Amino acid sequence: MDFISGEIIAIDKPLEWTSFDAVKRVRGAIQRRLSVKKFKVGHAGTLDPLATGVLIICTGRATRQIERLQNGTKEYVAELTLGATTPSYDLETKIDATYPWEHITRDAVEAVLPGFRGKVMQVPPVFSAVKVDGKRAYKLARKGKEVELKAKPLEISELEIVSFEGNRLTLRVVCSKGTYIRALARDIGESLGSGAHLSGLRRTRVGDIRIDDCLSLEDAVKKIETETVTFPEDYKMNDSEGEKQEKASSE
């Protein structure tokens, strides 16, 4: 593995890990392997702690590809719980209201889904990283402050039912960058004359990278720790150890 020229490592992010936690774990393994104190590692698209699935981690010079990778189409499998809402639109916060849901049929769901396909406008969740007057919306929301966000354009190219049992609706969503699946759950619940929140989310594809292409986080770390490490041609192997560390740390 050539961490300096750059590696693209696709992992299946574990539940309850932040994307930053996963990057930190990978970065730490690389730093130990190269015996450096600093090393450039980043990810191409945040996943919420309560979501699992494809998280692309880039090292060294491959971090220059992050923007390109982030712009790739995303695919998700999302579980919605009908009949209840939460302030964050997912399980991060507690249920704040309940609604009748027994009237909702599969046919009713099929009837509203076309309205969410194609180019649409979506209001992001207040519990999100969207900036309001230079501050993150979620920080304001957690302080109990009123947050008003503007709708943003996005595209949902595919949206279909995977399963529907009781008040649990599972959907497959293929969408553009910037789509909040939590907000989609909110909007679908409202369109069905009820409420809904996201109770499970798995990202199954980013661009051409699918979940089957991913390593578990622990397997990725093991790969970093055990595979042969190579260096780019402009990395001078005859430098002193301190110089080599400085050179690697600058990437």
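Residues numbered from 1 in each chain as written. Predicted model: local features only at pLDDT ≥ 70, side-chain atom pairs only at ≥ 80, totals over all residues. Heavy atoms only, no water.

(A) Just a nonpolar patch on the surface, in detail. Together, Leu-15, Leu-50 and Leu-91 make up an exposed nonpolar region whose accessible area comes to about 270 Å². Position of Leu-50 relative to the elements: it lies in the loop between β2 (41-43) and β3 (51-59). (Patch = residues over 30% accessible without salt bridge, like charges linked within 9 Å, V, L, I, M, F, W, Y side chains within 5 Å. Areas by Shrake-Rupley, 256 points an atom, 1.4 Å probe, with all protein chains shown as cover. Salt bridge = Lys/Arg side-chain N within 4 Å of Asp/Glu carboxyl O. Helix = DSSP H or I, 4+ residues; strand = E, 2+ residues; numbered from the N terminus.)

(B) The pairing of strand β11 (residues 168-175), seen in detail. For β11, the buried fraction is high: seven of the eight residues fall into the buried class. Across eight bridges, the pairing between strand β4 (residues 74-82) and β11 is antiparallel. Within β11, the position partnered with Leu-80 by the bridge is Leu-169. Across eight bridges, strand β10 (residues 152-165) lies against β11 in antiparallel orientation. Bridge pairing links Glu-165 to Arg-168 in β11. Between the antiparallel neighbours β10 and β11 lie two residues, among them Gly-166 with a positive phi of about 60 degrees. (Buried < 20%, exposed > 50% of the residue type's maximum accessible area, 1.4 Å probe, protein only. Pairing = 2+ DSSP bridges.)

Taken by themselves, the reported measurements are silent on function.
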